[in-house]
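Given next are the chains, with one letter for each unit.
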Amino acid sequence: NYVVYNFKIMYKNKMQKITINNSKDLEQAIEMSLAVLEAGGIILYPTDTVYGLGADIKSKGAVSKIVSIKKRMTDKQMLVIAEDLKMAEEYGVFNDVATKLAHKFWPGPLTLILPSKTGGTVGVRVPDNEFCLELLRRFGRPIISTSANISGEDTESSVDGIILQFSEGANKIDLTIDQGILESESSTIVDTTSGNLEVIREGKIKNIENFLK
């Protein structure tokens, strides 16, 4: 196991990379990711859609670092991923519409914008990806789920392309999990805070408004 407190000492603050080819690689990727998250670090990781930048949602320093990497406006909301509906319900308030959509499309490429239990709103989804779900199960709480790209630019499908796009900003990433080329579209984002369904971004799920008709 990788000890949390000496992770950065062990690797001398250099970004580490793991390529997932088998179950052994997957286990190592999860263990190292847990260490990085607990230490307030940043991971570049695969989902069922595109690669994302991840951090502990409770670490303000890590969240600020992601904002810096992406060159993003600080007032723009970041989304999170959860292990399942039960975990998501600890952070967001689900009305009937949100619950129906979650049961239909989770795990999968649907992000729901919900009233947050701590005020404001929160965007959350449950990804259909083995690495993500096992990591979240062991971590015990959601992690940041923002696409791995400079804000306003396309998300590259490969880790190498992402690192190239980030340039010097990539040095702020502690661990990269490489699962090959990800050709999928981004998730569909739906706002359900009003009790209705408002499509904010149409991604992999098309014409989702027809589901409730």
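Rules and cut-offs
- Residues numbered from 1 in each chain as written.
- Predicted model: local features only at pLDDT ≥ 70, side-chain atom pairs only at ≥ 80, totals over all residues.
- Heavy atoms only, no water.
- Helix = DSSP H or I, 4+ residues; strand = E, 2+ residues; numbered from the N terminus.
- Buried < 20%, exposed > 50% of the residue type's maximum accessible area, 1.4 Å probe, protein only.
- Salt bridge = Lys/Arg side-chain N within 4 Å of Asp/Glu carboxyl O.
- Pairing = 2+ DSSP bridges.
- Contact = heavy atoms within 4.5 Å.
- Axes fitted to C-alpha atoms, helices over the stretch in contact; angles between N-to-C directions.
- Polar contact = N/O pair within 3.5 Å; in protein donor to acceptor, adjacent residues only side chain to side chain.

Description of unusual backbone geometry
Keep in mind that most residues, glycine aside, have a negative phi and that most peptide bonds are trans. At the junction of Trp-106 and Pro-107, the peptide bond is cis and its omega measures out at -10° in the coordinates. Of note, the phi angle at Ser-167 is positive, near 55°, even though the residue is not glycine. Examined against the element boundaries, Ser-167 turns out to sit in the loop between α7 (159-166) and β9 (175-178). The phi dihedral of Asn-207 falls on the positive side, at around 50°, and the residue is not glycine. The topology assignment puts Asn-207 in the segment after β11 (198-201). The class of Asn-207 is partly exposed, set by a relative accessible area of 43%.

Thoughts on the environment of Gln-28
Position of Gln-28 among the secondary structure elements: in helix α2 (residues 23-38). Residues Gln-28 and Leu-164 lie 136 residues apart in sequence; the distance between their C-alpha atoms is 25 Å.

A few points about the pattern of salt bridges
Per the stated rule, a full pass over the model turns up eight salt bridges. Here Lys-17 and Asp-178 are joined by a salt bridge, their closest N and O atoms 3.5 Å apart. Residue Lys-17 is found in strand β1 (residues 16-19), and its partner Asp-178 is found in strand β9; the two are separated by 161 residues along the sequence. With a relative accessible area of 45%, Lys-17 lands in the partly exposed category. Put simply, Glu-27 and Arg-138 hold a salt bridge, and the shortest N to O gap is 2.7 Å. With Glu-27 in helix α2 and Arg-138 in helix α6 (residues 130-139), this pair connects stretches of sequence that are 111 residues apart. The exposure class of Glu-27 is partly exposed, given its relative accessible area of 29%. Residues joined by salt bridges that share partners form a network here, namely Glu-27, Glu-134, Arg-137 and Arg-138.

Structural notes on the sheet that holds β9
Reading across from one edge, β1-β9-β2-β3-β8 is the order of the five strands in this open sheet, with mixed pairing throughout. Looking along the sheet, the strands with just one partner apiece sit at the ends: β1 and β8 (146-147). Taken together, the two bridges between strand β2 (residues 43-45) and β9 define a ladder with parallel strand orientation. Along β9, the bridge assignment pairs Leu-44 with Thr-176. Against the sheet, helix α3 (residues 60-70) contacts β3 (52-54) and β8, and its axis sits at roughly 150° relative to β3.

Topic: the pairing of β9
Across the two faces of β9 the burial is the same, with Leu-175 and Ile-177 and Thr-176 and Asp-178 all buried. As defined by bridge partners, β1 adjoins β9 across four bridges and the pair is classed as parallel. Bridge pairing in β9 links Ile-18 to Ile-177.

What to know about the side chain of Asp-56
By the element assignment, Asp-56 lies in the loop between β3 and α3. Since its relative accessible area comes to 7%, Asp-56 is described here as buried. A distance of 2.6 Å separates polar atoms of two side chains, one belonging to Asp-56 and the other to Arg-141. In this view, Asp-56 contacts Leu-37, Val-63, Phe-139 and Arg-141; residues no more than four positions away in its chain are not counted.

No statement about biological role is implied by the geometric values presented.
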